[in-house]
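Results of the structural survey
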Amino acid sequence: PTKILIDKDGFVRCVVAGEGNYGAMEQSIHSLLDNAGVKDELPMIMDPVRESDRTGMVSFKATPELFAGYLRGSVGNIEGYSPESVVEYADPNIYFDGRFYLEGSWLNDRNSLRHQEVEESEGQIIVSYQGLEVNAVINTEDGKQFEMMIRQDDQFLSSEIKGDDVSIEADGRSVLRIAEPKMYHIIRNKEFGEHVLRLGTRSNTCGLYSFTFVSSVIPEMISNN
């Protein structure tokens, strides 16, 4: 998701890609409203969404936002991108931070990667990341609900670390059900750390757009004053 702030004369004054910077965006809105002659009393600037958003906090360095489409994409496979074509990807089994990796057949779109397997073969999305939480923007390309199996460090998720949009099945599988285009909350780890996340699907309706990662405050860096 990208937030774009346009002033009264139609000029773009602020662009923020991904999550965060809500307070700064709201301050910019207040400033432009004042410049436009609005003299009504405006609400107070919103409180930080997370502790790591507060001024002066020192946070761990999380993996930056990763985009899937070939215009700004971060695929790490040696096959790379082939715009508007279906590429057969092989799992390299070596993963670097700041990249995601694919296995199976995926259509390279401008802003997304779309699963294109035949005979219901499973496609994989693999990302090595540093962070506390993980979100992903995913769409069902034909409007039909589908499932993705979620593993972290080769294990299904436990109820303690699953995201709000993940369900734990009776057999222990962690499942993400995609029913509409939105940002899905996948992981909420107990502590900041480095992990390998895998999303697997057999559906050809899967469209991946981006990943975002949440940092956390470094406890020993918090001032006691």
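These lines cover the structure that appears in this document, whether it is placed above or below.

Side note on the environment of Asp 109
Structurally, Asp 109 can be placed in the loop between strand E5 (100–108) and strand E6 (113–115). A sequence separation of 100 residues divides Asp 109 from Tyr 209, and the C-alpha atoms of the two residues are 9.6 Å apart. The residues contacting Asp 109, other than those within four sequence positions of it, are Gly 69, Tyr 70 and Glu 84.

Focus on the side chain of Asn 108
By the element assignment, Asn 108 lies in strand E5. Not counting the four nearest positions on each side in its chain, Asn 108 is found in contact with Tyr 70, Gly 80, Tyr 81, Ser 82, Pro 83, Glu 84, Ser 85, Val 87, Tyr 89 and Leu 113.

Topic: helix H1 (residues 22–35)
Taking 1.5 Å of rise per residue, the 14 residues of H1 would be expected to cover 20 Å, and the 20 Å separating its terminal C-alpha atoms lies within 8% of that figure. Buried within H1 we find Met 25, Glu 26, His 30 and Leu 32. In the stretch just after H1, Gly 37 is the one whose phi turns positive, near 95 degrees.

Brief notes about the environment of Asp 165
Topologically, Asp 165 is positioned in the loop between strand E9 (155–156) and strand E10 (166–168). Ignoring sequence-local partners within four residues, the contact set of Asp 165 consists of Val 175, Leu 176, Arg 177, Lys 182, Met 183, Tyr 184 and His 185.

Some thoughts on the nonpolar core
Formed by 34 residues in total, the largest nonpolar core has its most connected members in Phe 100, Ile 138, Met 148, Leu 197 and Phe 211. Within the residue set of this core, elements represented by two or more residues are strand E4 (86–89), E5, strand E7 (123–140), strand E8 (146–152), strand E11 (174–178), strand E12 (182–201) and strand E13 (206–214). In this structure, Phe 211 is in contact with Glu 65, Leu 66, Ile 125, Val 127, Val 134, Asn 135, Ala 136, Leu 197 and Leu 199, ignoring residues within four places of it in sequence. If you look at the next biggest cluster of nonpolar residues, it comprises five residues, including Leu 5, Cys 14, Val 16 and Leu 32.

Details of the packing of aromatic side chains
Within the structure shown, the criterion is met by four aromatic pairs. Summarising the aromatic geometry, the rings of Tyr 95 and Tyr 101 are spaced 5.3 Å apart at their centres and angled 55 degrees between planes, so their arrangement reads as tilted. Ring geometry for Tyr 129 versus Phe 213: centroids 5.4 Å apart, planes at 20 degrees, classification stacked. Of this pair, Tyr 129 sits in strand E7 while Phe 213 is found in strand E13, placing the two residues 84 residues apart along the sequence. Accessibility assignment for this pair places Tyr 129 and Phe 213 in one class, buried. A network of ring pairs unites the aromatic residues Phe 100, Tyr 129, Phe 211 and Phe 213 as a single cluster.

Reading the values: the criteria
- Residues numbered from 1 in each chain as written.
- Predicted model: local features only at pLDDT ≥ 70, side-chain atom pairs only at ≥ 80, totals over all residues.
- Heavy atoms only, no water.
- Helix = DSSP H or I, 4+ residues; strand = E, 2+ residues; numbered from the N terminus.
- Contact = heavy atoms within 4.5 Å.
- Expected span 1.5 Å × (residues − 1).
- Buried < 20%, exposed > 50% of the residue type's maximum accessible area, 1.4 Å probe, protein only.
- Core = buried A, V, L, I, M, F, W, Y, C linked by side-chain atoms within 4.5 Å.
- Phe/Tyr/Trp six-rings, centres within 6.5 Å; stacked < 30°, edge-to-face > 60°.

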